[in-house]
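Per-entry structural report
Residue-level listing of the chains:
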Amino acid sequence: MIAKNLKGCIRFIFAGFFLWVLVLCLFFQHIEYMCKAVAESSVLKLIFGLLMIIVIYLLMKVIMSRISYKYTYYIILGLVSALLLALQIYIVYHYFFISGWDTYYLIATAQYVANNGDMSNPDMMPIFGYFSTYPNNLFLTFIYTVLVKITNHLWFTDNNYFVILCFQCLLNTLAGLFMSLSIRKVTGNDALALTGTFIYAVFVGLSPWNCVPYSDQMTLIFPILVIYIYLLKTDKNVLLAIKWMMIFGLVYAGYSIKPQVAIVLIAIMIGQFLKLIAKEFSFKKTWGAIVGGLVGLLLSVFIVNVTVNSLDIPINEEGAYGLAHFAMMGANTDRMGVWAGEDVMFSSTFDTKAERDAADWKVFKERISEMGVSGVYMQAVRKTLTNYNDGTFAWWKEGGFLLYPHEDVSAVDTTLKLIYNIETEGGTYNKAWSSVMQCIWLAILILLIPAAFLKNEKYGTEMVVIFLAILGLSLFEMIFECRARYLYLYAPVYVMTAVVGFNKVLQIIHLKGWKRKNETENA
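One structure accompanies this document, and this report is about it.

The rules we used
Residues numbered from 1 in each chain as written. Predicted model: local features only at pLDDT ≥ 70, side-chain atom pairs only at ≥ 80, totals over all residues. Heavy atoms only, no water. Helix = DSSP H or I, 4+ residues; strand = E, 2+ residues; numbered from the N terminus. Rg over C-alpha atoms; globule rule 2.2 N^0.38 Å. Buried < 20%, exposed > 50% of the residue type's maximum accessible area, 1.4 Å probe, protein only. Contact = heavy atoms within 4.5 Å. Areas by Shrake-Rupley, 256 points an atom, 1.4 Å probe, with all protein chains shown as cover. Lys, Arg positive; Asp, Glu negative; His and termini not counted. Charge placed at Lys NZ, Arg CZ, Asp CG, Glu CD. Salt bridge = Lys/Arg side-chain N within 4 Å of Asp/Glu carboxyl O. Core = buried A, V, L, I, M, F, W, Y, C linked by side-chain atoms within 4.5 Å. Patch = residues over 30% accessible without salt bridge, like charges linked within 9 Å, V, L, I, M, F, W, Y side chains within 5 Å. Phe/Tyr/Trp six-rings, centres within 6.5 Å; stacked < 30°, edge-to-face > 60°. Axes fitted to C-alpha atoms, helices over the stretch in contact; angles between N-to-C directions. Parallel < 35°, antiparallel > 145°, perpendicular 65-115°, else oblique. Nonpolar A, V, L, I, M, F, W, Y, C, P; charged D, E, K, R; others polar.

1. Comments concerning the overall build of the protein chain
- Scanning the protein chain from terminus to terminus reveals 20 helices and two strands.
- Over its C-alpha trace the protein chain gives a radius of gyration of 24 Å, about what one expects of a compact globule, namely 24 Å for 523 residues.
- Viewed in the frame of its principal axes, the protein chain has a C-alpha envelope of about 90 × 60 × 50 Å.
- A burial count over the protein chain gives 55% of its 523 residues as buried.
- Across the protein chain, the fraction of contacts at a sequence separation of at least 24, relative to all contacts at a separation of at least 6, is 82%.
- When the accessible area of the protein chain is evaluated, it comes to approximately 23,700 Å², of which 67% is carbon and sulfur surface.
- The averaged location of the 35 negative side-chain charges in the protein chain is 17 Å from the averaged location of its 39 positive side-chain charges.

2. Side note on the pattern of salt bridges
- Counting across every chain of the model gives nine salt bridges.
- The salt bridge involving R485 is made with D216; its shortest N-O contact spans 2.5 Å. Residue R485 is found in the loop between α19 (460-479) and α20 (491-522), and its partner D216 is found in helix α9 (residues 215-218); the two are separated by 269 residues along the sequence.
- The exposure class of D216 is buried, given its relative accessible area of 0%.

3. Description of unusual backbone geometry
- One non-glycine residue, M336, lies in the positive phi region at around 55 degrees.
- In this fold, M336 is placed in the loop between α14 (323-330) and α15 (341-347).
- In this structure, W396 takes a positive phi of about 70 degrees despite not being glycine.
- Residue placement: W396 occurs in the loop between α16 (353-388) and β2 (402-404).

4. Thoughts on the nonpolar core
- Grouped together as the largest cluster of nonpolar side chains are 152 residues, with contacts concentrated most on F18, Y388, W395 and Y494.
- Here the element with the most residues in this core is helix α7 (residues 160-187); it accounts for 13 residues.
- Excluding residues that lie within four positions of it along the chain, W395 makes contacts with Y95, F97, P208, W209, V212, D390, F401, Y420, N430 and W433.

5. Here's the deal with the side chain of Q272
- Its place among the elements puts Q272 in helix α12 (residues 262-277).
- Exposure remark for Q272: the relative accessible area of 17% places this residue in the buried category.
- With sequence-adjacent residues up to four places away left out, Q272 is seen in contact with Y230, W244 and F281.

6. Some thoughts on a negative patch on the surface
- A cluster of acidic residues, E317, E318, D351 and E355, forms a negative patch at the surface.
- Relative to the elements of secondary structure, E317 occurs in the loop between α13 (287-310) and α14.
- Residue classification places E317 among the exposed residues on the basis of a relative accessible area of 62%.

7. What about the packing of aromatic side chains?
- According to the stated counting rule, one finds 46 aromatic pairs in the structure shown.
- Ring geometry for W101 and F401: centres 6.4 Å apart, planes at 15 degrees, overall stacked. On the criterion of sequence distance, the pair formed by W101 in helix α4 (residues 101-114) and F401 in the loop between α16 and β2 is long-range, its members being 300 residues apart.
- Feature note: the residues F14, F17, F18, W20, F203, Y377, Y388, F393, W441, F467, Y488 and Y494 constitute an aromatic cluster, connected by ring pairs.

8. Quick notes on the packing of helix α3 (residues 72-95) against helix α8 (residues 190-205)
- Put simply, α3 and α8 touch, their axes get as near as 11 Å, and they point 5 degrees apart. By the angle between their axes, α3 is roughly parallel relative to α8. Two secondary-structure elements touch here, α3 through Y73, I76, L77, V80, L84 and Q88 and α8 through D190, A193, L194, T197, F198, A201 and G205.
- Its residues assigned to classes, the contact of α3 with α8 shows nine nonpolar, three polar and one charged.

9. Here we look at the environment of A193
- By the element assignment, A193 lies in helix α8.
- Counting along the chain gives 247 residues from A193 to I440, while the straight-line C-alpha distance between them is 17 Å.
- Excluding anything up to four places from it in sequence, A193 contacts Y73, S180, I183 and R184.

Now the structure itself:
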């Protein structure tokens, strides 16, 4: 009973939160906030987005009803995934550019290390210094270094940047595949699973973020893959051990690239606690899960530490910025919760982590105190609009975003620039593309609400875990530095949950239709 009430409470909070988010995006976007989207939200865009999803679903339903072959779903999923990957690589080849900001430090370091550069070179110290401040990017730099080394042994030595982007495209496609399989597991509906596949392909698969090598794109697969593995049910201790070994191993590896990945594991642990108090499993049958999870975690920690140390990058361990720094930025009312240069400079004035964290927490508490209750609420409103009112995930909103533009050699290159580049960079059709993305995003947001009320005997707790993961991510971005881009790695999870919500809407429609039919027959 307690577990049931807790699950109901979580569902209610989830639905209420996204009702609030939707109201903010539709009716309060006039409020001043940072990183405003190119395309504004509107009820008309929301309706258009829903119509797009309905049309896709009806097409998938017709196709699945006309083809009775039992492997039709897998064949279509495989074909769509293969075509998506090919199209992604084609677009990347004709559009990619050299990006600045954080990506520059990672790629420059990976290329230098891969080519056996002198690690004591004083010219590289400013770049290496970046990793003293943000050591969380070291593991991602190692992955890039491996990819650069592989390309050095092949015939496209000068195209390692492009190869890294192609690898991201592969991860993007796999994320969409596991998302579709997860939808099919929860709904048992092939047409709905394929609907999710096509929504994902347009909204995430063809996103220009594929052209930027960074942690958001590289971790796109982690949350949805972990959720897919969590959905797999088994009572055998050996299989449970493998399942939880993969979950803990993947989460730590993803966390080492992007800390937000860990939120899905926290949600899973809460879900397991709810299962425990509901007596859905006993401790006697969990030794395999405990052993497997521990092995997976230790193995992942070992691999990450060994690989990071192999880079041999000189690091000042006292230079790292901790959670306090990002919380301080999140409470910066002048910058409304986004990256703040003055806060970065302030944190840099301290020589040790302990001094830095203490000073940053002090400023954070002072800012919260100065804001008061109403001020904290308004800060949360502005940060929520920054996070959620942009279907492009803040495309082109980073400082120094474009370092070296793509050299146009064909009509395709020019056309892609017209679509993806911002208007000041020749993006004549960028607002139209942004509007389509906003339509889909608003439809996803509204469909999250009915998802909270879908009754599913087999995967009820698992859906609550997904709600907790999304709520946890939203809370994380509300407390710390915010940016729509930080939601991107959970994009497959958002799409999956929206399709589950669409399934609930279909159930309501079918139920009402069945009741009308019965009333007519009994009249």
